[in-house]
Amino acid sequence: MKKIWLLLLILAHTALLLTPLKANESANGVPYQTFAEDYKRRMIPTQDAYIPYNTYTSFLGYTLNGPEDILLKGDYMYIADTGNKRILKVEKNLTSVEEIGLGILKRPTGVYVDDNLSVYVADFEASLVYVFDALGTLIQTIEKPTAPMFGQNTPYRPYKIDGDVGGNLYIVSEGSYQGIIQLDHVGNFLGFFGANPVKVDLRAVIFKMILSDDVVNNFIKITPQTMSNIAIDPQNRVYTVTRGTNGNSIKRLNISGINRLPRNLNDSAFSNAIAIGPIGNIYTVSDDGFIREYDQEGNLLFMFGGKDSRTYQRGLFNTPVGIVVDDQYNLYVLDRAKNELQVFMPTAFSNIVHEAVDLYQKGFYLDSKAPWEEVLSVNAMFDLAYKGIGHAYYKAEMYEEALDAYALAGYKQGYSDAYWEIRNAWLMDHLSWIFIGAMVAYSVFMVYKFTFAEQVATKWAVYQRKIYKVKLFYDLAFLKHMLKKPLDGFQEIKRYDRIGILSATVLYGVLFLERLFAIFYEGGAFNTHELATFSLANEFIAFMGPIVLFIIANYLVCAVSNGEGRFKDVYKATIFALAPLMLFWPIVVIISRYLTLNEAFIYEASMSILILWSSILMFFMIKDIHNYGVLETIKIILITAFTIVMMVVGFTLLTGLANQLWNFIIEITREVILRG
C-alpha cells in the first residue's frame, strides 16, 4: 500500500509541479485554478474548492459605490458603502434593504454589529466611531480617547472596527503604531493591543552606523506597521492582517497580544481583509485577487481566485477589500474597484475537507479517518489528509500504519512518535534476548582474547601483506594513518607522492556513494530529501561541484601566493582531509534510523563533530601542502572562498550569454532558411 501511495505521489509531483501558479481557467469553466499546499510549502493544483455563484452591484436599486467593508449578522449583510457615505443593511434573501447613517457618515470604512444589533461604524474622514441602534438611529459618537495613556499626538483615524462578546471594541486606526485601540462598551479607552514588532531594515542599520542620532531620528522613521484589518472569533481570539510583511502578515493574538500562529505562513504581503469560518478556519483576501483558506493551525488548505484584467469575469477581482463567510461556508467578497459583491459556494470536495478538518481539529482523529480517505480518493496529493490519517492510526495504536502515513505527509514529529512506540514495543519483546546475546558475545570475546587472538593476528598480518601488494588497497589503507597522524600524512602525500591519482578518485566516488546512501537510508525523522524528485545528475553537481570548485580555486589562489602545493597534491590531500566524514558518516546514517527526534542531539552532535574534524584537517591540509603559516592560511581560505563565489557568478553569466548567443544563432538560421 505504501509503495502504491509513493508511486502516485511521484507521478503526481512530476506532472503537477510543472503547472504555473496563476489564475488559469480550470477544466469546468471556473476562471481560476485552486491550489493546496504540500508539506514542502509548494502550491499544488487541486480540485475546485469554491465556485463563483453570484455577483451583486446593487440590492433592490441601491447601487454600491466603492464599498470597503462587509459583516454578516443573522440574516443580514451590513456593507460599508463608502462612496455613498452609508451603511447598507441587506437581508440575505434580498427582500429588504435599509440605509443607515445617510447624511451623517462621511467616509465609512469599517462596520461592526453587536448582539443587540447596534451598528458601529468606523468613519475614517470624520475620525469618529458612530453607533446606531437597531432601527438606524444615531445613539452615540466615540471620539478620540482623552486618557493620558492614549497620548495627545497619537492619531485617531478609525479604519476598521470589531468587538468581542464582552462588549469591548477593537479599532484599527491609521497611523496608530502602538497597536489596536481597545475601548470598553461605553467607549472608555482600555489600552493598545497587539502592536506589530519594529522592523529594522539594512538601510536603517547602515544610516545609524554612519549618521548622528539627531539626523537619523529626523530622516528615518523606524515604526511598526499598522494593521490592515481585524476579525474576532466567538472565543474572543483576535485575528489581524498586516500589509507589507511576508510570512507573518496573519496573526492570532492571545489576551497578551502575542501571536499564536506560526511565523512562516504561506501568505500574501498584500492581504486586505480577514474572516473566521464556522470551524475556526481563517480566510484572507489580498490585492493579487487570491482568497486563501487556512485551518486553525495555519495550514493553507486552499488558494484560489486571481486578478481580473478588466474583463469583469465572475470569480476574479480587481481590488478585493472585504470578506466574510457564513455557517454554510459561502464566501462573500467585496471588490471596491468593481463596486460589487461576489458570492462563492463551497464544492463537494471542500465540504469533505471541512468535515475532516473539523473532526481533526476537535481531536476526533478516528472519526476523521473516513473523510480524509475520501479526500485522498480524489486527490492523492492532499498532504494534510495523510497527517490526519496518521493521527487516526496512532490513536488506534496502529503504529506501523501511522509511520507510513506520517512519512507520506512529511510530518517529522508524528513519524518520530510512531517510531518511538514501535521501537519501544520491539525492545520490550527482545530486551531479554539482547541481554543474553551480549553476555554470550562477551564470553566469546574473552575466550578469543586468551586463546585465539595471537593466532588470528598472525594470520591477518599475512593476509594484510598480500592485500597491500595491490597499490589501490595500500593507498586506501592510508585513511587509517590519516586519522592517527594527519600532519605526517599530508607531508607524505606532498613529498613522497604517497597516494595515487586513481586511489584518490576512487575515494571521491566512495564519498559520493555515501551521500547517496544518506539520501536513501537516513532515518525518516531526519531525512529531508525529496525522493520523488530525486535526480542523480543534479545531486552529483550539488554535492561534488563545491568540492571541485574548492580544489581548482585553492590551487589557483595558492599558485599566485607562493604556495608550494601542486594541483595533484591538492586533489589528493583534499579527499584525505575528509577522512573523518568518509569513515564515520555511514555509521551515523545507520544509527539515525533507530533514533527519534527526542534523541536528535545524538545525530546532530555526531554530524557536527565529523564536519568540524574534517574542517580542521582541511585547514592543516592547506597549511602543510602549501607550506603557509597560520595567519597566511586563514587569508588564503578567505581568498579561496571569494574566488569560488566569483567563479560561480562568472559561470552563471557565461551560461546566460552562451544561451543568448545560441538562441540568436538559431533565429538567424531560421530566418535565412525561411527567406530562401
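Residues numbered from 1 in each chain as written. Predicted model: local features only at pLDDT ≥ 70, side-chain atom pairs only at ≥ 80, totals over all residues. Heavy atoms only, no water.

1. Digging into the packing of aromatic side chains
A full pass over the atoms with the stated rule returns 34 aromatic pairs. With a centroid separation of 5.9 Å and an interplanar angle of 70°, the aromatic rings of Tyr170 and Phe193 are classed as edge-to-face. Residue Tyr170 is located in strand E15 (residues 169-173), and its partner Phe193 is located in strand E17 (residues 189-193); the two are separated by 23 residues in the primary sequence. Their ring planes at 90° and their centres at 5.5 Å tell us that Phe619 and Phe620 sit as a pair that is edge-to-face. A network of ring pairs unites the aromatic residues Tyr32, Tyr50, Tyr283, Phe304, Phe317 and Phe344 as a single cluster. Here the guanidinium or amino end of Lys89 rests over the ring plane of Tyr76, the centre of that ring lying 4.7 Å away. (Phe/Tyr/Trp six-rings, centres within 6.5 Å; stacked < 30°, edge-to-face > 60°. Helix = DSSP H or I, 4+ residues; strand = E, 2+ residues; numbered from the N terminus. Lys NZ or Arg CZ within 6 Å of the ring centre and 35° of its normal.)

2. Describing the nonpolar core
Buried together is how nonpolar side chains tend to be arranged in soluble globular proteins. Among the nonpolar cores identified, the biggest contains 97 residues, and Ile291, Phe344, Trp372, Phe382, Ile575, Phe576 and Met621 are the most heavily contacted of them. The element best represented in this core is helix H17 (residues 600-626), accounting for nine residues. One finds Met77, Val321, Val324 and Tyr332 within the second-largest nonpolar core, a separate group that totals 16 residues. (Core = buried A, V, L, I, M, F, W, Y, C linked by side-chain atoms within 4.5 Å. Buried < 20%, exposed > 50% of the residue type's maximum accessible area, 1.4 Å probe, protein only.)

3. Details of the packing of helix H16 (residues 579-592) against H17
Relative orientation of the contacting elements H16 and H17 amounts to 175°, with a least axis distance of 10 Å. The angle between H16 and H17 places the two elements in the roughly antiparallel class. The residues of H17 that touch H16, namely those facing Pro580, Leu581, Phe584, Trp585, Val588 and Ser592, are Tyr603, Ser606, Met607, Leu610, Trp613, Ser614 and Leu617. Taken together, the residues of the contact of H16 with H17 sort by class into 10 nonpolar, three polar and no charged. (Axes fitted to C-alpha atoms, helices over the stretch in contact; angles between N-to-C directions. Parallel < 35°, antiparallel > 145°, perpendicular 65-115°, else oblique. Contact = heavy atoms within 4.5 Å. Nonpolar A, V, L, I, M, F, W, Y, C, P; charged D, E, K, R; others polar.)

4. Considerations on the UniProt feature "transmembrane region" (unreviewed entry) in the protein
UniProt annotation of "transmembrane region" (unreviewed entry) refers to residues 431-450, 499-520, 540-561, 573-595, 601-622 and 634-654 when read in the numbering used here. Along residues 499-520 the backbone is 91% helical and 0% strand, and the end-to-end C-alpha distance reaches 31 Å. End C-alpha to end C-alpha, residues 573-595 measures 34 Å, and it is 83% helix and 0% strand. (UniProt positions renumbered as here; feature names shortened; annotations may be inferred.)

5. Some remarks on a nonpolar patch on the surface
Residues Trp460, Tyr463, Ile467, Tyr468, Val470, Phe473 and Tyr474 make up a contiguous nonpolar surface patch of roughly 690 Å² in combined accessible area. At the level of secondary structure, the elements contributing two or more residues to the nonpolar patch comprise helix H9 (453-467) and helix H10 (471-476). With three residues, the top contributor of residues to the nonpolar patch is H9. Take Val470: it is sitting in the loop between H9 and H10. The class of Val470 is partly exposed, set by a relative accessible area of 41%. (Patch = residues over 30% accessible without salt bridge, like charges linked within 9 Å, V, L, I, M, F, W, Y side chains within 5 Å. Areas by Shrake-Rupley, 256 points an atom, 1.4 Å probe, with all protein chains shown as cover. Salt bridge = Lys/Arg side-chain N within 4 Å of Asp/Glu carboxyl O.)

6. Quick word on the sheet that holds E17
Hydrogen bonds between backbone atoms are what pair the strands of a sheet, whose relative direction is either parallel or antiparallel. Across the sheet, four strands lie side by side as E14-E15-E16-E17; this open sheet has antiparallel pairing. This sheet does not close on itself; its edge strands, each paired only once, are strand E14 (158-163) and E17. Each neighbouring strand pair of the sheet contributes to a mean axis angle of 25°, computed without reference to strand direction. (Pairing = 2+ DSSP bridges.)

7. Some remarks on the packing of helix H15 (residues 567-577) against H16
It is the contact of H15 with H16, at a shortest axis distance of 4 Å, that shows an interaxial angle of 40°. Taken together, the axis directions place H15 and H16 in an arrangement best described as oblique. On H16, the residues touching Ile575, Phe576 and Ala577 of H15 are Ala579, Pro580 and Met582.

8. Some words on helix H5 (residues 365-378)
For H5, which comprises 14 residues, the first-to-last C-alpha distance of 20 Å matches the rise-based estimate of 20 Å (1.5 Å per residue) to within 8%. Of all the positions in H5, only Ser368, Pro371, Trp372, Val375 and Leu376 are classed as buried. (Expected span 1.5 Å × (residues − 1).)

9. Details of the environment of Glu91
Assignment of secondary structure puts Glu91 in strand E8 (residues 86-91). Taking C-alpha positions, Glu91 is 26 Å from Ala348, a pair spaced 257 residues apart along the chain. Excluding residues that lie within four positions of it along the chain, Glu91 makes contacts with Asp75, Tyr76 and Ser96. Among the polar contacts made by the side chain of Glu91, one reaches the side chain of Thr95 at a distance of 2.5 Å. (Polar contact = N/O pair within 3.5 Å; in protein donor to acceptor, adjacent residues only side chain to side chain.)

10. Focus on the sheet that holds E8
Pairing in this open sheet of four strands is antiparallel, and the strands run E6-E7-E8-E9 from one edge to the other. Where the open sheet ends on each side, the last strands, each with one partner, are strand E6 (69-73) and strand E9 (97-100). Averaged over all pairs of adjacent strands, the angle between strand axes in this sheet comes to 20°, irrespective of strand direction. With six bridges connecting them, strand E7 (residues 76-81) and E8 associate as antiparallel partners.

11. Some remarks on helix H6 (residues 383-395)
An α-helical segment advances 3.6 residues per turn. Residues three or four places apart therefore align on the same side. For H6, spanning 13 residues, the distance from its first C-alpha to its last is 19 Å, which sits close to the expected 18 Å at 1.5 Å a residue. Counting buried residues in H6 gives 11 out of 13 residues, a clear majority hidden from the surface. For H6, every residue scored as buried is listed here: Asp383, Leu384, Ala385, Tyr386, Lys387, Gly388, Ile389, Gly390, His391, Ala392 and Tyr393. Looking one or two places after H6, you find Glu397, whose phi comes out positive at around 60°.

12. Observations regarding the side chain of Lys89
Topologically, Lys89 is positioned in strand E8. Despite its burial, Lys89 pairs with no opposite charge, the nearest such side chain being Glu98 at 4.2 Å. Residues contacting Lys89, with those up to four places away along its chain left out, are Tyr76, Met77, Tyr78, Ser96, Val97, Glu98, Ile100 and Ala134. (Lys, Arg positive; Asp, Glu negative; His and termini not counted.)

13. Looking at the environment of Ile616
Position of Ile616 relative to the elements: it lies in helix H17. Ile616 gets classed as partly exposed once you look at its relative accessible area, which sits at 41%. Separated by 359 residues in the primary sequence, Ile616 and Gly257 place their C-alpha atoms 47 Å from one another.

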